[in-house]
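So you can see what is in the structure, the chains are spelled out below.
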Amino acid sequence: MIIILMGAPGVGKGTQSLALSEKLRIPHIAVGDILRKHIKEETDIGKEVGSIMKQGLLVSDKTMFEIINQRIHDDDCKNGFILDGFPRTISQADGFERLLTDVGRRITVVFNIESNYKILLDRIKGRIVCKNCGATYHNVYHKPQLDGYCDICEGIITKRKDDTEEIFNSRIEEYNQQTKPLIGFYQQRGILINIDSNDVKENITERLLKHLGANI
Ligand code: AMP
């Protein structure tokens, strides 16, 4: 099963990917987290993408495919995987489709998670994340039980450097220009399902799982 979660920054792709990953027992591939790890470890990729990510711009397709191609061929992806943050452009979607076709696989479903600007900005401004497992919290609406530590893995909770209003605005612009066209791309292929994100996260997970039941 290959699932893609798409939607604007802050819409809850990470939260839902983690929940689906747990329920379906397939890995959650958060490309943003992989890129941040490269930056932290000061790899060649990390050095290349640091300033691009700081501005909320998109990393080159060449680098993205290097990461994706390697990760989806890992052993734990044999039965499927959930993609969060990839593809983000038509050219990435095209390339990914070719990559899958070459190995006789195809995308099961693309969930397009929808929300509006004001709600997203509010989420992003208060978003805090676990450095270790990527679980997402909010410093007003969803605080961890122990201040500063993840409820799931006890990892340290931190604020992402790009979760400011200014960078959010450029990420939204990138999203509107580059990623939104994917809605039509996947609609044409008959695999897109729109999901309204203005609900509690457990209900959204339930709706996603229900759709998957119908698609498996
Ligand atoms: P995310 O954690 O998914 O919000 O991604 C954080 C940042 O990583 C983005 O603002 C981009 O700079 C970069 N990034 C993540 N996914 C992609 C992608 N598919 N293509 C290009 N850049 C990406």
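Residues numbered from 1 in each chain as written. Predicted model: local features only at pLDDT ≥ 70, side-chain atom pairs only at ≥ 80, totals over all residues. Heavy atoms only, no water.

Student: Break down the sheet that holds strand β7 (residues 157-158) for me, with residues and values.
Tutor: Either a parallel or an antiparallel arrangement is found when strands of a sheet pair, and the pairing is made through backbone hydrogen bonds. If you trace the three strands from one edge of the open sheet to the other, you get β6-β5-β7, paired in antiparallel fashion. A strand with exactly one partner marks an edge of an open sheet, and here the two such strands are β6 (136-138) and β7. As judged from the two bridges shared by strand β5 (residues 127-130) and β7, these two strands associate in the antiparallel manner. Paired with C130 across the strands is I157, a residue of β7. (Pairing = 2+ DSSP bridges. Helix = DSSP H or I, 4+ residues; strand = E, 2+ residues; numbered from the N terminus.)

Student: Just give me the short version of the site of the ligand, but keep the residues and values in it.
Tutor: Around the ligand, the surrounding shell holds 16 residues, and the nearest of these are R36, L57, G85, R88 and Q92. Residue R36 places a side-chain N or O atom 2.9 Å away from an oxygen atom belonging to the ligand. Of the residues in the shell around the ligand, the class split is eight nonpolar, three polar and five charged. (Near = heavy atom within 4 Å. Polar contact = N/O pair within 3.5 Å; in protein donor to acceptor, adjacent residues only side chain to side chain. Nonpolar A, V, L, I, M, F, W, Y, C, P; charged D, E, K, R; others polar.)

Student: I'd like a description of the pattern of salt bridges, backed by residues and values.
Tutor: Using the criterion set out here, one finds eleven salt bridges in the structure. R36 is the partner of D33 in a salt bridge, and the nearest nitrogen-oxygen pair spans 2.8 Å. Residue D33 and its partner R36 are both found in helix α2 (residues 31-40); the two are separated by three residues, about one turn of the helix. Here R36 falls in the partly exposed class, since its relative accessible area comes to 26%. Residue E97 is joined to R189 by a salt bridge in which the shortest nitrogen-to-oxygen separation is 2.5 Å. Remark: R189 occurs in the loop between α8 (181-188) and β8 (192-196) and E97 occurs in helix α5 (residues 90-102); sequence separation between them is 92 residues. Given a relative accessible area of 26%, E97 falls into the partly exposed group. Classification of R189 by relative accessible area gives partly exposed; the value is 35%. (Salt bridge = Lys/Arg side-chain N within 4 Å of Asp/Glu carboxyl O. Buried < 20%, exposed > 50% of the residue type's maximum accessible area, 1.4 Å probe, protein only.)

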